[in-house]
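Understanding the architecture of this molecule
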Amino acid sequence: MDGGGGPMIASVSGRVAAVSPDGAVVEVGGIGLAVQCTPGTIARLQVGESARLATTLVVREDSLTLYGFADDDERQLFELLQTANGVGPRLAQAVLAIHPPREVRRAVSTADVKALMQVPGIGKKGAERLILELRDRLGSTTTDTSLDVPAPAGLPSVTPVAPWRDQLTSALVGLGWSGKEAETAVGQLAPVADEQIAATGSVEVAVLLRRALQLLGRS
């Protein structure tokens, strides 16, 4: 990470100037900061609206990359994931793009190898290594309440109460697709949402957003 024992930029707050499939630009003090985000975090953002993102700055010899998260818990998990052997920022972000923090903790604590293997870049051995190295570091799934509380002030929240169709349509329109294109993609993903509801009792909008972007030609 930054070598200083904590994030050099802990959060950013400002107007959302732009969003893309893999991040956003947030204007802070007249400067547009490019922030890499997961689909779930992007789904909460609207161009022209104010937002707060928890952030961490990853420093490399040839780059400075700012990663943004919906809350501090997600950022902390992003950093903890990177303490495992072979896990860099891109793979840690991929984990959070597929699974919310609660599910990551559950998968690690219960040794759910198959769940972790759903993440692109993690095979069976990689999943087993993550479980072995992180089981005692991530904490219990009961400590993760990020899905049960409102987002920080100023950050539009995608709550379980809102219909998933409206959430997904709003996110796609915010990314520049037309209302008709968004509705078409949402309709095609209805069976996937039904499968999620049957399996878990809820819909994971971040996963649907990723699938929608693939359908619309932006992987």
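Above this text you will find the structure in question.
Residues numbered from 1 in each chain as written. Predicted model: local features only at pLDDT ≥ 70, side-chain atom pairs only at ≥ 80, totals over all residues. Heavy atoms only, no water.

Side note on the overall build of the protein
Tallying secondary structure elements over the protein gives 10 helices and 5 strands in all. Per-residue burial for the protein yields a buried fraction of 42% across its 219 residues. Of the contacts made within the protein by residues no fewer than 6 positions apart, 57% connect residues no fewer than 24 positions apart. Total accessible area on the protein stands at roughly 10,900 Å², and carbon and sulfur atoms take up 53% of it. (Helix = DSSP H or I, 4+ residues; strand = E, 2+ residues; numbered from the N terminus. Buried < 20%, exposed > 50% of the residue type's maximum accessible area, 1.4 Å probe, protein only. Contact = heavy atoms within 4.5 Å. Areas by Shrake-Rupley, 256 points an atom, 1.4 Å probe, with all protein chains shown as cover.)

With respect to helix H3 (residues 89-98)
Extensive coverage of H3 is indicated by the burial of 9 of its 10 residues. Within H3, burial applies to Pro89, Leu91, Ala92, Gln93, Ala94, Val95, Leu96, Ala97 and Ile98.

Comments concerning the packing of helix H2 (residues 72-81) against helix H4 (residues 101-109)
Two elements in contact, H2 and H4, have axes separated by 10 Å at closest approach and are oriented at 40 degrees. It follows from the interaxial angle that H2 and H4 lie oblique. Together, Asp73, Glu74, Leu77 and Leu81 of H2 and Pro101, Val104 and Arg105 of H4 make up the contact between the two elements. Along the lines of polarity and charge, the residues of the contact of H2 with H4 split into 4 nonpolar, no polar and 3 charged. (Axes fitted to C-alpha atoms, helices over the stretch in contact; angles between N-to-C directions. Parallel < 35°, antiparallel > 145°, perpendicular 65-115°, else oblique. Nonpolar A, V, L, I, M, F, W, Y, C, P; charged D, E, K, R; others polar.)

Brief notes about the sheet that holds strand S1 (residues 11-20)
Taken in spatial order, the 5 strands line up as S1-S2-S3-S5-S4 and close into a barrel, and their pairing is mixed. Across this sheet, the average inter-strand angle for adjacent strands is 55 degrees, counted without regard to direction. Against the sheet, H2 contacts strand S4 (50-60) and strand S5 (63-69), and its axis sits at roughly 15 degrees relative to S4. Sitting on the sheet, H3 touches strand S3 (31-36), S4 and S5, and the angle it makes with S5 is about 15 degrees. (Pairing = 2+ DSSP bridges.)

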